[in-house]
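# Tertiary structure, described
Okay, here's what each chain looks like letter by letter:
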Amino acid sequence: TDTVFIQFLKDTVANEQEWERDLESFEGFLDKKFGPTIKELSKDLKPLVGEMERDLKPLVGEVENEFRKEVVPAVGDVMQQLKEKVGSAADGEVEDLKQRAEGLIGKLRSIF
């Protein structure tokens, strides 16, 4: 069975290498067929992309500022409410545990 497994590993490596060669060939084909067109489009699109970045930067800044003004404080409020509720729930659990412990201690005292 070791021989079968070793052969399986060899076949797997060979298949992987063949797949990589095929992929490299395909990438070469794509570059040959579409490379010049993509380069030309890139030249044309670079100024447009730069312009869009300049136009969108203030808008993104406004959205970020609104987020900081509205969402961040709301999250802070929710966190505070959660802390208070957790504290309240924990206090209730502690009180319940104290009462149960006192009841158990009372039962133990009555036994002894």
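One structure accompanies this document, and this report is about it. (Residues numbered from 1 in each chain as written. Predicted model: local features only at pLDDT ≥ 70, side-chain atom pairs only at ≥ 80, totals over all residues. Heavy atoms only, no water.)

### A word on the overall build of the protein
Where we set the bar: A run of H or I in DSSP becomes a helix once it reaches four residues, and a run of E becomes a strand once it reaches two; helices and strands are each numbered from the N terminus. Just to be clear, the radius of gyration here is over C-alpha atoms, and the globule rule we use is 2.2 Å times residues to the power 0.38. The classification of residues rests on relative accessible area computed with a 1.4 Å probe and restricted to protein chains. Under 20% of the type maximum is buried, over 50% is exposed, and intermediate values are partly exposed. Per-residue and other accessible areas follow the Shrake-Rupley method at a 1.4 Å probe size, with only the shown protein chains counted as cover for residues.
A tally of regular secondary structure across the protein gives one helix and zero strands. Since a compact globule built from 112 residues should have a radius of gyration of about 13 Å, the 34 Å found for the protein marks it as more spread out than a globular shape. With the principal axes as the frame, the protein shows a C-alpha extent of 95 × 65 × 10 Å. Counting across all 112 residues of the protein, residues that qualify as buried make up 2%. Split by element, the accessible area of the protein, about 10,600 Å² in all, is 62% carbon and sulfur.

### A closer look at the packing of aromatic side chains
The condition is simple: Centre distance within 6.5 Å is the pairing criterion for rings of Phe, Tyr and Trp, where only the six-membered ring of Trp is used; planes under 30 degrees apart are then read as stacked, over 60 as edge-to-face, and the remainder as tilted.
Tallied over the entire structure, the rule returns two aromatic pairs. On the basis of an interplanar angle of 25° and a centroid distance of 6.4 Å, the ring pair of Phe26 and Phe29 is categorised as stacked. With Phe26 and Phe29 both in helix H1 (residues 2-111) and three residues apart, this pair spans about one turn of that helix. Looking at Phe26, the relative accessible area reads 47%, which means it is partly exposed.

### Brief notes about the pattern of salt bridges
Which entries qualify depends on this criterion: Whenever Lys or Arg places a side-chain nitrogen within 4 Å of a carboxyl oxygen from Asp or Glu, that contact is recorded as a salt bridge.
The final tally for this structure, using the stated rule, is three salt bridges. With a closest N to O distance of 4.0 Å, Glu40 and Lys43 form a salt bridge. Residue Glu40 and its partner Lys43 are located together in helix H1, separated by three residues, close to a single helical turn. Judged by its relative accessible area of 44%, Glu40 is partly exposed. For the salt bridge of Arg68 with Glu64, the shortest nitrogen-to-oxygen distance reads 2.7 Å. One end of the pair, Arg68, and the other, Glu64, are both in helix H1, four residues apart, so they sit about a helical turn from each other.

### Observations regarding a nonpolar patch on the surface
What counts, and what does not: Exposure above 30% relative accessible area and the lack of any salt bridge qualify a residue for a patch; like charges then connect within 9 Å, and the nonpolar side chains Val, Leu, Ile, Met, Phe, Trp and Tyr within 5 Å.
Nonpolar side chains collect at one region of the surface, where Leu41, Leu45, Leu48, Val49, Met52, Leu56, Leu59, Val60 and Val63 lie side by side and expose about 800 Å² of accessible area between them. As for its placement among the helices and strands, Val49 is situated in helix H1.

### Concerning the environment of Leu56
Inspection of the secondary structure puts Leu56 in helix H1. Assessed through its relative accessible area of 43%, Leu56 is described here as partly exposed. Linking Leu56 and Lys83, residues 27 residues apart in sequence, is a C-alpha distance of 38 Å.

By themselves these figures say nothing about function.
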